[in-house]
Amino acid sequence: MMKRVWNLCLLLLVVGLGSSCKDDLPGLGKDANRYFSGDDLVLTYSGEPMVGKEVHFLTYDGEKATITLDGLLDSNTLFPSEELHDIAFGAPGVVPGEVPTTLSNVPLTLNAEGTAYTFEGTDNQNNRQLTYKGEVSKDKMTLAIQVKMPANNFVGTWNVAAENALSLTWESDKTITVGGQELSTTVAGAMASTLLSPMLNEVLQSVTFMDDGNIVASYKKKGASDWQTSPINLAHFYVKDDKIYVQLHINQILSTRASVSEIVTLLTDMQMYLMEGIPMTYSLTADAVQISLTTDAAKSILTLLTSDFLRDKVVGILPDDISPIVQPILEQMPEVLKSTSKLEIQLSLKK
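About the thresholds
- Residues numbered from 1 in each chain as written.
- Predicted model: local features only at pLDDT ≥ 70, side-chain atom pairs only at ≥ 80, totals over all residues.
- Heavy atoms only, no water.
- Helix = DSSP H or I, 4+ residues; strand = E, 2+ residues; numbered from the N terminus.
- Buried < 20%, exposed > 50% of the residue type's maximum accessible area, 1.4 Å probe, protein only.
- Contact = heavy atoms within 4.5 Å.
- Areas by Shrake-Rupley, 256 points an atom, 1.4 Å probe, with all protein chains shown as cover.
- Pairing = 2+ DSSP bridges.
- pLDDT = per-residue confidence, 0-100.
- Salt bridge = Lys/Arg side-chain N within 4 Å of Asp/Glu carboxyl O.
- Core = buried A, V, L, I, M, F, W, Y, C linked by side-chain atoms within 4.5 Å.
- Phe/Tyr/Trp six-rings, centres within 6.5 Å; stacked < 30°, edge-to-face > 60°.
- Lys NZ or Arg CZ within 6 Å of the ring centre and 35° of its normal.
- 1 Å grid on protein atoms, 1.4 Å probe; cavity = no way out; pocket = protein on both sides within 12 Å on 5 of 7 lines; lining within 4 Å.
- Points joined across faces, edges and corners; volume = space filled by probe spheres on them.
- Nonpolar A, V, L, I, M, F, W, Y, C, P; charged D, E, K, R; others polar.
- Expected span 1.5 Å × (residues − 1).
- Bend = angle between axes of the 7 residues up to and from the residue.

Student: An account of the overall build of the chain is needed here, citing residue identities and associated values.
Tutor: Of the regular secondary structure elements, the chain holds nine helices and 23 strands. By the burial criterion, 39% of the 351 residues in the chain qualify as buried. Expressed as a percentage of contacts within the chain between residues at least 6 apart in sequence, the contacts between residues at least 24 apart total 61%. As displayed, the chain offers around 18,900 Å² of accessible surface, 53% of which is attributable to carbon and sulfur atoms.

Student: Account for the pairing of strand E20 (residues 243-248), with residues named and values stated.
Tutor: Relative to E20, strand E19 (residues 235-240) is paired through six bridges, and the arrangement is antiparallel. Following the sheet pairing, Ala 235 is matched in E20 by Leu 248. Hairpin connection between E19 and E20: a loop of two residues separates the two successive antiparallel strands, and Asp 241 in this loop has a positive phi of roughly 50°. Bridge analysis of E20 against strand E21 (residues 278-284) gives three bridges, and the strand direction is antiparallel. When the bridges of E21 are listed, Tyr 245 appears paired with Pro 279.

Student: Explain the confidence of the model for the chain to me, using residue names and the numbers behind them.
Tutor: Per-residue confidence for the chain gives a mean pLDDT of 83; residues scoring 70 or more make up 80%. Throughout residues 1-22 the model reports pLDDT below 50, and contacts reaching past four residues in sequence, or to other chains, amount to seven contacts. pLDDT under 50 marks residues 255-260. Its contacts with residues more than four places away, or in other chains, come to nine contacts.

Student: Go over the pattern of salt bridges with me, naming the residues and quoting the values.
Tutor: Overall, the coordinates contain four salt bridges when judged by the stated rule. Note that Arg 34 is salt-bridged to Asp 40, the shortest N-O span being 2.8 Å. The class for Arg 34 is partly exposed, based on a relative accessible area of 23%. For Asp 40, a relative accessible area of 28% translates into the label partly exposed. One salt bridge connects Glu 335 with Lys 338, and the closest N-O pair in it is separated by 3.2 Å. Highlighted residues: Glu 335 and Lys 338, both in helix H9 (residues 323-338), separated by three residues, approximately one helical turn. Residue Lys 338 is classed as exposed on the basis of its relative accessible area, which comes to 64%. Each member of the salt-bridge network shares a partner with another, and the members are Glu 98, Asp 123 and Arg 128.

Student: Any details on the sheet that holds strand E2 (residues 41-45)? Residues and values, ideally.
Tutor: Working definition: the strands of a sheet are paired by backbone hydrogen bonds and lie parallel or antiparallel to each other. Across the sheet, six strands lie side by side as E3-E2-E11-E10-E9-E8; this open sheet has mixed pairing. Either end of the sheet is taken by a strand with one partner, and the two such strands are strand E3 (48-49) and strand E8 (109-110). Looking at chain direction, E2 and strand E11 (residues 141-148) are connected through five bridges and run parallel. Looking at the pairing, Leu 43 lines up with Leu 143 of E11.

Student: Go over the environment of Asp 211 with me, naming the residues and quoting the values.
Tutor: Relative to the helices and strands, Asp 211 resides in the loop between strand E16 (204-209) and strand E17 (215-219). Residues Asp 211 and Lys 148, spaced 63 residues apart in sequence, show a C-alpha to C-alpha distance of 5.7 Å. Look past the residues within four positions of Asp 211 in its chain and what remains in contact with it is Val 147, Lys 148, Met 149 and Val 155.

Student: Just give me the short version of the nonpolar core, but keep the residues and values in it.
Tutor: Proteins that are soluble and globular tend to have nonpolar side chains buried together. In this structure, Trp 170, Phe 209, Ile 291 and Leu 349 are the most contacted members of the largest nonpolar core, which totals 40 residues. Sorting elements by how many residues they give to this core places H9 first, with five residues. When near neighbours in sequence (up to four residues on either side) are disregarded, Phe 209 contacts Phe 154, Val 155, Gly 156, Trp 158, Asn 214, Ile 215, Phe 237, Ile 244, Ile 291 and Leu 349. Of all hydrophobic cores here, the second largest spans 30 residues; its members include Phe 36, Tyr 45, Val 94 and Val 147.

Student: Any chance you could break down the packing of aromatic side chains for me, citing the residues and the numbers?
Tutor: In total, this model carries eight aromatic pairs according to the counting rule given. Ring centres of Phe 119 and Tyr 132 lie 6.4 Å apart, and the angle between their planes is 45°; on these two criteria the pair is classed as tilted. Within this pair, whereas Phe 119 is found in strand E9 (residues 117-125), its partner Tyr 132 is found in strand E10 (residues 128-136), the two being separated by 13 residues in sequence. According to the relative accessible area criterion, Phe 119 is buried, its value standing at 4%. Residue class for Tyr 132 comes out buried when judged on its relative accessible area of 7%. Chaining the aromatic ring pairs together yields one cluster made of Phe 57, Tyr 117, Phe 119 and Tyr 132. Over the ring of Trp 227 we find Lys 220; its NZ or CZ atom is 4.4 Å from the centre of that ring.

Student: Can you explain empty space enclosed by the protein? Please cite residues and give values.
Tutor: Throughout the structure, instances matching the rule amount to one cavity of 30 Å³ or more. Its boundaries defined by the atoms lining it, the largest cavity holds a volume of some 30 Å³. Contributing to the lining of the largest cavity are Val 51, Gly 52, Lys 53, Ala 91, Pro 92, Leu 248, His 249, Ile 250 and Asn 251. Of the residues that constitute the lining of the largest cavity, the class distribution is five nonpolar, three polar and one charged.

Student: Outline helix H3 (residues 185-203), listing residues and values.
Tutor: An ideal rise of 1.5 Å per residue puts 27 Å on 19 residues; H3 measures up with 26 Å between its terminal C-alpha atoms. In the structure, H3 departs most strongly from a straight axis at Leu 196, where the bend amounts to approximately 30° and where the proline Pro 198 lies between one and four residues downstream. For H3, every residue scored as buried is listed here: Thr 185, Ala 188, Gly 189, Ala 192, Ser 193, Ser 197, Met 199 and Leu 200.

Following this line, the structure appears as structure tokens:
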């Protein structure tokens, strides 16, 4: 008798657990539980497409879901090649400063056909507000995100300073040969500041920091006469611990013209900055701001410019009378950077 009672209890326990798991959800069921990326994901941020992201959808009961927004630079997708098999790099998430972002207890509504869940809501974390609206089936997810970042004094349009827009402080044991003359990096840095500031004024008019975390620039292409506005979602920013971090969304801005080996090197060297953003110090008042790359970050960025891929791009956008001077400097840069003890690059902006 006791054995029968025990067996009955076990049976009831199994039935209870099976019912609680709701394996046989109506309609779509759990078929939507998966990662969405690439062609399977239509993601917009502030109304504009955002690519190179990954969204994980998970529901146990068909009534609520957990949705995780992440960034993953999948090299096999971005640069199809046998040489890049199974190589993955960190990338910034969807929301500035968040890798990843998790939306919990998202209410679900199953459509009449039972083929898709729709959902919408608001998520408040880290002093920012995120609203979302989407639809998911077993084959595709559509997700629209709107974000209002925490209040900060950067929001607004800042014009590039008319004078001394760019300054470079450089200390190294090595020297640089410019036009056949051997110069200390201190002198070379001062010369670069004098040379590059007016050039910057010719190509960059202003920088706008938006309340959704986007950075938009008013710029002029080489040979053009009119100013253009850059698209959103190329770069985001956030402020943390008295620093401003700039996140580059590589999938949207990186050209595929470089060789595979160069791409791998660039992405590997930028791993930390890809995920967290490029950290910069700043001095901010009501009508002026100076944003500075300090030594470690500045050395990393300039090291990237010495690759054949980026060096050729930099030289290609310079005026014809300047490029012959800059190219040999970039070629000497790797050895000089190895012995560099201080390197700071500062951008000055004004209201």
